[in-house]
Amino acid sequence: RHLPGGIILINRALVEDYETPDVAAGHVLAETLRRARTDPMARLLRTLGIGPTLKLLTTGQVPPGRLAGYGESLLTATPDPVDPGALLVEFAEARLSSSPYAYALDISGESTLALIEGDPVRGGSMTPVLSDADWVSLQGICGG
């Protein structure tokens, strides 16, 4: 998920469950596209409604209880779909393989065939996302 300030959250399972950082990188690229379509602050203001938004803008405070459950609903909502063509452009610009991400979404590859067949870097990423040592360190942090 993306938050105000350009922050992108990823689930620790993306670090713990995969051998390489390519899957997590794919999720970050997909979320970057979602962020370009949906401003996280606008989403928050729509959730608050007009009265609490005006209070936030004038006082810098949100009325107590107005954000109860917002974080949970944000994290449990199904992410908006991302156009595979636009995502392939992002993978190409980052010089990353889209296949690991595609197979992580659908192990059969049936629903992500466009990402697999259009992989801009077949056979592995041209640019390492993280060094092996950094990836193992990150896995240790998330698992510990």
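So, a few notes on the structure that sits alongside this text. (Residues numbered from 1 in each chain as written. Predicted model: local features only at pLDDT ≥ 70, side-chain atom pairs only at ≥ 80, totals over all residues. Heavy atoms only, no water.)

**Section: helix 4 (residues 50-59)**
Each α-helix winds once per 3.6 residues, and so residues spaced three or four apart point in a common direction. All of the buried residues along helix 4 are Pro 52, Thr 53 and Leu 56. Seen along its axis, helix 4 keeps its buried residues to an arc of 105°; they face one direction. Facing away from the buried side of helix 4 by over 90 degrees, the exposed positions are Ile 50 and Thr 58. Here the buried face of helix 4 lies against helix 3 (40-48). One or two residues past the end of helix 4 sits Gly 60, with phi positive at roughly 80°. (Buried < 20%, exposed > 50% of the residue type's maximum accessible area, 1.4 Å probe, protein only. Helix = DSSP H or I, 4+ residues; strand = E, 2+ residues; numbered from the N terminus. Arc of directions from axis to C-beta. Contact = heavy atoms within 4.5 Å.)

**Observations concerning a nonpolar patch on the surface**
Nonpolar side chains collect at one region of the surface, where Ile 7, Leu 9 and Leu 75 lie side by side and expose about 270 Å² of accessible area between them. Among the secondary structure elements, Leu 9 is positioned in the loop between strand 2 (7-8) and helix 1 (13-16). (Patch = residues over 30% accessible without salt bridge, like charges linked within 9 Å, V, L, I, M, F, W, Y side chains within 5 Å. Areas by Shrake-Rupley, 256 points an atom, 1.4 Å probe, with all protein chains shown as cover. Salt bridge = Lys/Arg side-chain N within 4 Å of Asp/Glu carboxyl O.)

**A word on the nonpolar core**
In terms of nonpolar packing, the biggest core is built from 13 residues, with Leu 87, Phe 91, Tyr 101 and Leu 115 touching the most fellow members. Considering every element that reaches this core, the biggest residue donor is helix 2 (residues 22-37), with four residues. Discounting chain neighbours no more than four positions away, the residues touching Leu 115 are Pro 84, Leu 87, Leu 88, Ser 98, Ser 99, Tyr 101 and Ala 102. The next biggest cluster of nonpolar side chains, apart from the first, holds five residues, and it includes Leu 44, Leu 48, Leu 56 and Leu 74. (Core = buried A, V, L, I, M, F, W, Y, C linked by side-chain atoms within 4.5 Å.)

**Some remarks on the side chain of Thr 38**
Locating Thr 38 in the fold gives a position in the loop between helix 2 and helix 3. Given the relative accessible area of 18%, Thr 38 is considered buried.

**Observations concerning the packing of aromatic side chains**
Taken as a whole, this structure holds one aromatic pair when the rule is applied. The interplanar angle of 45° and the centroid separation of 5.9 Å between the aromatic rings of Phe 91 and Tyr 101 together place this pair among those described as tilted. Remark: Tyr 101 occurs in helix 7 (residues 99-105) and Phe 91 occurs in helix 6 (residues 84-94); sequence separation between them is ten residues. Judged by its relative accessible area of 0%, Phe 91 falls in the buried class. (Phe/Tyr/Trp six-rings, centres within 6.5 Å; stacked < 30°, edge-to-face > 60°.)

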